[in-house]
Amino acid sequence: MIDIPNEIWLSILEFIPDRELCHLMAVNRVFYELALDTRYREITIGPIDSHSVSLLKRLQDPFIACRVTKLNIIPAATTEGDPESRTPTFSSRIIETLQAIRFTIYTSIQISLNNRNIFLHTAGSPVDLAPPVVTDLMKSIFPGLTSLERLSVDFWHPPTVYDIHSVLSTAWPAIGAHMKTLFLGGNLATFRHIIATHPVLPALQELIVQLTDPFTDTRAENMDVLNNTIAPFVNSFAATLEGFTFWSWASLDISSLFTNLGFFPMMKRIQVRLSFNKALASDPAGLSQFVQRHQNTLEELQLWLNPSGAAADHSLDLPLSQWLSRTMAEVQQFPLMKELQFYPTRLEAGFDALILAITLSLETLTTLVVRDLYLSSAQVMTLLDTLGKQGPNLKLRSLRMNVFNFKADLMDALVAQLPALTSLNLYIGDSSTNQASCISFFLRMMAGHVYTHWGLYNLGIWRSGQELDTDSMRAMVKSIPSIRSFHNKGHIHLPESNTLTQGLGR
């Protein structure tokens, strides 16, 4: 067998469908071990059916369980009015579908498109097991999960086919000591339920929270959970936490949560996605202070705070733009910032806040994402001038932004200001050229522009929400010969097409 490190083989096996892994297992002992590691590295336990039961029984074997590094528990949704039913109701199926979509939206941003979709639960046939039996079956797998580093628990209502409180209470002593990442998704009642199991996670580095709308609790009850349950829970990890992600899909005002968060000396990543005019309606100062408090340790900051309804009414951007200006004005510097993701609003003050944030991060910034705003040519040039303020920027490696128009002078400016760029993703607002004439447009636009010394590896171009056609992308390769990846999909072979060859000959 070729002498290739196991880590390389594991990367290769990520591209092989599960149904093919069983064939590899028969090759030799090395492939048997690697295939098992790949198959069981990440496990999802969804609704309790024949597939889940079979998987749980398999995980009772320590030889298998020790290979699991990530476990996702996504119970089937049930309605409170039907607590004993094991037959999904229409409303529970709607909740389960929305739950899966919400979970997938987050994970799709975190995970390469080439990875197998381990979050989908393979449906099995119904099983007739009493809830205590299912509860014991769930609890039995945790002692063997000695390599588990990430746990995801995502549900809107406690499942009725097993006791989630008992399951999690059993889990923490077994897995808590080596847990590095915890993902919790659901409404406030869910969080109250989970936190009541008293997780002890002394090595936790990453906490990811996704909040959905509460269905039944009063405002006073919601505030009590935010301030007296969730905030102390987050603060309990102050000594070890390096990353905090908070996404809210709820219309609930959660301003007081950030007000009650303390100082995290190890904090490197803050990612916040919510509706500014709903989630921070009463007092956004808490989030400002949370960001400012950690300016000296932050390596990644995501502020994705699009106000609800702002796409139709741009005036709703005004409070957010003012908040961004005030927040960035109180930051002295981001001395360690490597990645900045920002929705700057459609207003000048918001764009100025983006420019200030870049300036504060200029010494270390390697990745910049400007979200949901189509920049004018003047704004693009201002942004690039800022990045190249101290001469050609040799640090920035990845840039994603939306632009109204694509012009060759944009590429000229990118090459001049960002010579070290390796990944560029552009979303173009101008859709005046149809798909059929798109390749001719890019050929004409890039005629005479060849950047042989630019080391760009990945190029992604989207128009009208769709990836640019392959022939047009190949036309770009003629101007930027270093490109070997389209739309973040990794290394590709680039044979010449007849259409492209004919176009270049004119």
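Owing to the predicted nature of the structure, the values given are computational and were not obtained by experimental measurement. (Residues numbered from 1 in each chain as written. Predicted model: local features only at pLDDT ≥ 70, side-chain atom pairs only at ≥ 80, totals over all residues. Heavy atoms only, no water.)

Caption draft 1: Here's a closer look at the packing of aromatic side chains. Considering all chains together, one arrives at twelve aromatic pairs under this definition. With a centroid separation of 6.1 Å and an interplanar angle of 85°, the aromatic rings of Phe-264 and Phe-290 are classed as edge-to-face. Of this pair, Phe-264 sits in the loop between α11 (255–259) and β7 (269–273) while Phe-290 sits in helix α13 (residues 285–293); the two residues are 26 residues apart in sequence, bridging distant segments of the chain. Phe-290 shares its class with Phe-264; the two are buried. Their ring planes at 5° and their centres at 4.4 Å tell us that Tyr-427 and Trp-462 sit as a pair that is stacked. (Phe/Tyr/Trp six-rings, centres within 6.5 Å; stacked < 30°, edge-to-face > 60°. Helix = DSSP H or I, 4+ residues; strand = E, 2+ residues; numbered from the N terminus. Buried < 20%, exposed > 50% of the residue type's maximum accessible area, 1.4 Å probe, protein only.)

Caption draft 2: Here's a closer look at unusual backbone geometry. Despite not being glycine, Thr-345 has its phi angle at roughly 75°, a positive value. In this structure, Thr-345 sits in the loop between β9 (339–342) and α15 (348–361). Phi is positive for His-487, close to 55°, though the residue is something other than glycine. Note on placement: His-487 falls in the loop between β15 (485–486) and α20 (498–505).

Caption draft 3: How the structure looks around the packing of α13 against helix α14 (residues 318–329). In the contact formed by α13 and α14, the axes pass within 10 Å of each other and the chain directions differ by 30°. Between α13 and α14, the interaxial angle falls into the category roughly parallel. Crossing geometry of α13 relative to α14 is assigned as right-handed. Facing Ala-285, Leu-287, Ser-288 and Gln-292 of α13, the residues of α14 in contact are Trp-323, Arg-326 and Thr-327. Among the residues forming the contact of α13 with α14, the class breakdown is three nonpolar, three polar and one charged. (Axes fitted to C-alpha atoms, helices over the stretch in contact; angles between N-to-C directions. Parallel < 35°, antiparallel > 145°, perpendicular 65-115°, else oblique. Left-handed = near helix turned anticlockwise from the far one by under 90°. Contact = heavy atoms within 4.5 Å. Nonpolar A, V, L, I, M, F, W, Y, C, P; charged D, E, K, R; others polar.)

Caption draft 4: Representation of the packing of helix α7 (residues 131–139) against helix α8 (residues 164–175) within the structure. The interhelical angle for the contact between α7 and α8, taken along N-to-C directions, is 20°, at an axis separation of 9 Å. In this view, α7 runs roughly parallel relative to α8, as classed from their interaxial angle. For α7 against α8, the interelement crossing comes out right-handed. Between α7, through Thr-135, Met-138 and Lys-139, and α8, the contact on the second element is made entirely by Ser-166, Val-167 and Thr-170. A per-class count over the contact of α7 with α8 returns two nonpolar, three polar and one charged.

Caption draft 5: Focus on the pairing of strand β5 (residues 206–211). Within β5, six of the six residues are buried, leaving the element largely enclosed by the surrounding structure. Here β5 shows two buried faces, one formed by Glu-206, Ile-208 and Gln-210 and the other by Leu-207, Val-209 and Leu-211. Pairing analysis gives six bridges linking strand β4 (residues 181–186) to β5, with the strands arranged parallel. Bridge pairing in β5 places Gly-186 opposite Leu-211. Crossover β4 to β5 through helix α9 (residues 188–195) is right-handed. Summarising the sheet, β5 and strand β6 (residues 243–248) pair through six bridges and their orientation is parallel. Bridge pairing links Leu-211 to Ser-248 in β6. (Pairing = 2+ DSSP bridges. Right-handed = clockwise from strand over helix to strand, strands pointing away.)

Caption draft 6: Expanded view of the pattern of salt bridges. For the structure shown, the criterion picks out six salt bridges. In this structure, the salt-bridge partner of Glu-242 is Lys-268, at a minimum N-O distance of 3.9 Å. Of the two residues, Glu-242 is situated in the loop between α10 (219–235) and β6 and Lys-268 in the loop between α11 and β7; the sequence distance between them amounts to 26 residues. When its relative accessible area of 27% is taken as the criterion, Lys-268 is described as partly exposed. (Salt bridge = Lys/Arg side-chain N within 4 Å of Asp/Glu carboxyl O.)

Caption draft 7: Geometry of the side chain of Glu-42. Here Glu-42 lies in strand β1 (residues 42–45). The side chain of Glu-42 is buried and forms no salt bridge, while Lys-70, the nearest opposite charge, is found at 4.1 Å. Side-chain polar atoms of Glu-42 contact the side chain of Asn-72, separated by 3.2 Å. (Lys, Arg positive; Asp, Glu negative; His and termini not counted. Polar contact = N/O pair within 3.5 Å; in protein donor to acceptor, adjacent residues only side chain to side chain.)

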